[in-house]
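An overview of the molecular structure
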Amino acid sequence: MKTTKQLPIEVRGSHARPLGMSPARFLRDYWQKRPLLIRNAFPGFQPPLQPDDLAGLACEPGALARLIVHDEKHDRWQLNSGPLDEADFARTPDSNWTLLVQDVDKWDADVAGLLQHFSFLPSWRVDDVMVSYAEPGGGVGAHVDQYDVFLLQGLGQRHWAISDDPMAPKEFRRDVELKQLAHFEPTHEWLLEPGDMLYLPPDMPHDGVAFGGPCMTFSVGMRAPSQAELTGDLADHIAERLPDDLRYTDPDLKPSTATGEIDRAALARLRFALPFAAALDDVMLRDWFGRFITRYRNAQVPAPLEKPLAAEALARQLAAGARLLRHPWSRLAWSKGKASCTLFASGQAYAATPELAQQLCEQRELGASGTLDETGQSLLLALVNDGHLLLRKARRRR
Ligand code: SIN
Ligand code: CO
């Protein structure tokens, strides 16, 4: 069996083998797994589009274009997400800027022609060809993409740095609009020439900077819906097709002993009403249903306090006899699992104890919280600040 160590990170391509190996070997050893630099993937590559054509396309209404300028001295980044016009280009400095245009294959048949070289992949996995033009020093900064990408050098040279360290930190810089990595330690660096191509699997830190002169890069990007997107769309799809009279039912209901509790029997009935959710564990089912049922068909929801109250201020008010009234539009429910108990309030979830959750569901008005533990006190404070409990100050004696 081959070990990872034996797999080269750099190979040489040819007219017959743009991947430097057969597609089957590439898919087995590299696709979605590890980066690969293919020198000379497209021998004698001539860009199917010139920089001026790209600038013209960037100014088309409807084109997805970004102009990014890096002030190297202060490490400040300026992003113009369009619509762009000629004046934007006239204002660019001599270096350290880049123009990126997405979906160029939809506008330009020659650029779309590049995709024929990727026909070993299902066409529905291909997202677009993004084309960038950069002056020396231009780039978008170190970042990760959530998709596989083939970065084909089209014109000039680009310095690429990547990190294939699985422990590489992925936090973003907070001071930059672009989703740039706060920390980036390259493990590999290369200078790409026209026709060279770098393949990167998803989530791999990388940074490409134009080197020496004008630079064009053609990025063939893949698409892979997130589980969240798949789930949302499937749920909508199913929901549109289900008749309205198929509902949550509970002909086996027993008298309620704990008002507001979403108990095990309710969860079992939910599973029956949602056969496609069989794979959901109790924790997720409970968390989703508690949020859902407490915001279901609510005409209004309480508004959070404009000025949140501090814990000490709430404790002081309660000690002085203030009462907590449930907001008339706040709908509550609670549920306990093996390890935790959650109170749901109009779509929001809060850590709670079963006793306090039950009390809040049962009683519309509460008094002093002196005997509450820390969880209880933070819960009341959160409910007050989120508008679910209204603080009624004690009346002053005359
Ligand atoms: C580029 O600047 O052409 C590539 C951007 C990227 O790294 O995704
Ligand atoms: Co990228």
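Scroll up for the structure.
Residues numbered from 1 in each chain as written. Chains lettered and ligands numbered in written order. Predicted model: local features only at pLDDT ≥ 70, side-chain atom pairs only at ≥ 80, totals over all residues. Heavy atoms only, no water.

1. Here we look at the layout of surface pockets
In this structure, the largest pocket occupies an estimated 1200 Å³ of space. Along the walls of the largest pocket sit 29 residues, with Leu242, Ala273, Leu274, Phe276 and Trp288 positioned nearest its centre. Those elements that place two or more of their residues in the lining of the largest pocket are helix 5 (227-241), helix 6 (264-273) and helix 7 (282-295). Ranked by the residues each element gives to the lining of the largest pocket, the list is headed by helix 5, at six residues. Here the lining of the largest pocket is built from residues that sort into 24 nonpolar, two polar and three charged. (1 Å grid on protein atoms, 1.4 Å probe; cavity = no way out; pocket = protein on both sides within 12 Å on 5 of 7 lines; lining within 4 Å. Points joined across faces, edges and corners; volume = space filled by probe spheres on them. Helix = DSSP H or I, 4+ residues; strand = E, 2+ residues; numbered from the N terminus. Nonpolar A, V, L, I, M, F, W, Y, C, P; charged D, E, K, R; others polar.)

2. Regarding the sheet that holds strand 15 (residues 365-366)
Read across the sheet, three strands follow the order 15-11-16 without closing on themselves; strand pairing throughout is antiparallel. The sheet is open, and its two borders are formed by strand 15 and strand 16 (389-392), each paired with just one other strand. Note that strand 11 (residues 323-326) and strand 15 share two bridges and pair antiparallel. Following the sheet pairing, Leu324 is matched in strand 15 by Leu366. (Pairing = 2+ DSSP bridges.)

3. A closer look at the coordination of the cobalt ion (ligand 2)
Binding of the cobalt ion (ligand 2) to the protein goes through His143 (NE2), Asp145 (OD) and His206 (NE2), at separations of 2.0 to 2.1 Å. Counting gaps between the donor residues of the cobalt ion (ligand 2) yields the pattern H-x1-D-x60-H. Residue class for His143 comes out buried when judged on its relative accessible area of 13%. (Donors = N, O, S within 2.8 Å, 3.2 Å for Na, K, Ca; no water. Buried < 20%, exposed > 50% of the residue type's maximum accessible area, 1.4 Å probe, protein only.)

4. Digging into the sheet that holds strand 12 (residues 332-336)
Picture the strands of a sheet paired through backbone hydrogen bonds; they go either parallel or antiparallel. The strand order across the open sheet formed by three strands is 12-13-14, and the pairing between neighbours is antiparallel. Taken across any chain shown, the strands that pair with only one partner, and hence form the sheet edges, are strand 12 and strand 14 (348-351). In this sheet, neighbouring strand axes are inclined to one another by 25° on average, regardless of whether the strands run parallel or antiparallel. By the bridge criterion, five bridges tie strand 12 to strand 13 (residues 341-345) in an arrangement that is antiparallel. Within strand 13, the residue paired with Trp334 across the bridge is Leu343. Against the sheet, helix 9 (residues 354-362) makes contact with strand 12 and strand 13, and its axis sits at roughly 160° relative to strand 12, the strand it touches most. Each of strand 13 and strand 14 touches helix 10 (residues 374-385); the most contacted strand, strand 14, lies at about 155° to it. (Axes fitted to C-alpha atoms, helices over the stretch in contact; angles between N-to-C directions. Contact = heavy atoms within 4.5 Å.)

5. Notes on the site of ligand 1
The environment of ligand 1 is made up of Leu100, Met130, Ser132, His143, Asp145, Arg158, Trp160, His206 and Thr217. His143 is positioned such that a nitrogen or oxygen atom in its side chain is 3.1 Å from an oxygen atom of ligand 1. A distance of 3.4 Å is found between an oxygen atom of ligand 1 and a side-chain nitrogen or oxygen belonging to Asp145. The fraction of the free accessible surface of ligand 1 (260 Å²) that becomes covered by protein chains is 94%. Judged by its atoms lying within 2 Å of the grid points, ligand 1 is housed in the second largest pocket. Elements that contribute at least two residues to the shell around ligand 1 include exactly strand 6 (126-134), strand 7 (149-162) and strand 10 (206-222). In the shell around ligand 1, the residues fall into three nonpolar, four polar and two charged. (Near = heavy atom within 4 Å. Polar contact = N/O pair within 3.5 Å; in protein donor to acceptor, adjacent residues only side chain to side chain. Areas by Shrake-Rupley, 256 points an atom, 1.4 Å probe, with all protein chains shown as cover. Sits in = over half its atoms within 2 Å of the grid points.)

6. Thoughts on the nonpolar core
With 41 residues, the main nonpolar core has Phe26, Leu54, Leu99, Phe150, Met197 and Phe218 as its most contacted residues. With 24 residues, the next largest nonpolar core counts Leu314, Tyr350, Leu366 and Leu381 among its residues. (Core = buried A, V, L, I, M, F, W, Y, C linked by side-chain atoms within 4.5 Å.)

7. A few points about the pairing of strand 13
Counted residue by residue, strand 13 has five buried out of five residues, so it is predominantly covered. Side chains of strand 13 alternate between two faces, with Cys341, Leu343 and Ala345 and Thr342 and Phe344 buried alike. As paired strands, strand 13 and strand 14 are joined by four bridges and run antiparallel to one another. Residue pairing in the sheet places Ala345 in a bridge with Gln348 of strand 14. The antiparallel pairing of strand 13 with strand 14 creates a hairpin that spans two residues between the two strands, and Ser346 there sits at a positive phi of about 45°.

8. Observations concerning the packing of helix 6 against helix 7
Contact geometry for helix 6 and helix 7: axes closest at 11 Å, N-to-C directions at 90°. In terms of orientation, helix 6 lies roughly perpendicular with respect to helix 7. Touching Arg264, Leu267, Leu270 and Arg271 of helix 6 are Asp282, Leu285, Arg286, Trp288 and Phe289, all from helix 7. For the contact of helix 6 with helix 7, the class distribution of residues is five nonpolar, no polar and four charged. (Parallel < 35°, antiparallel > 145°, perpendicular 65-115°, else oblique.)

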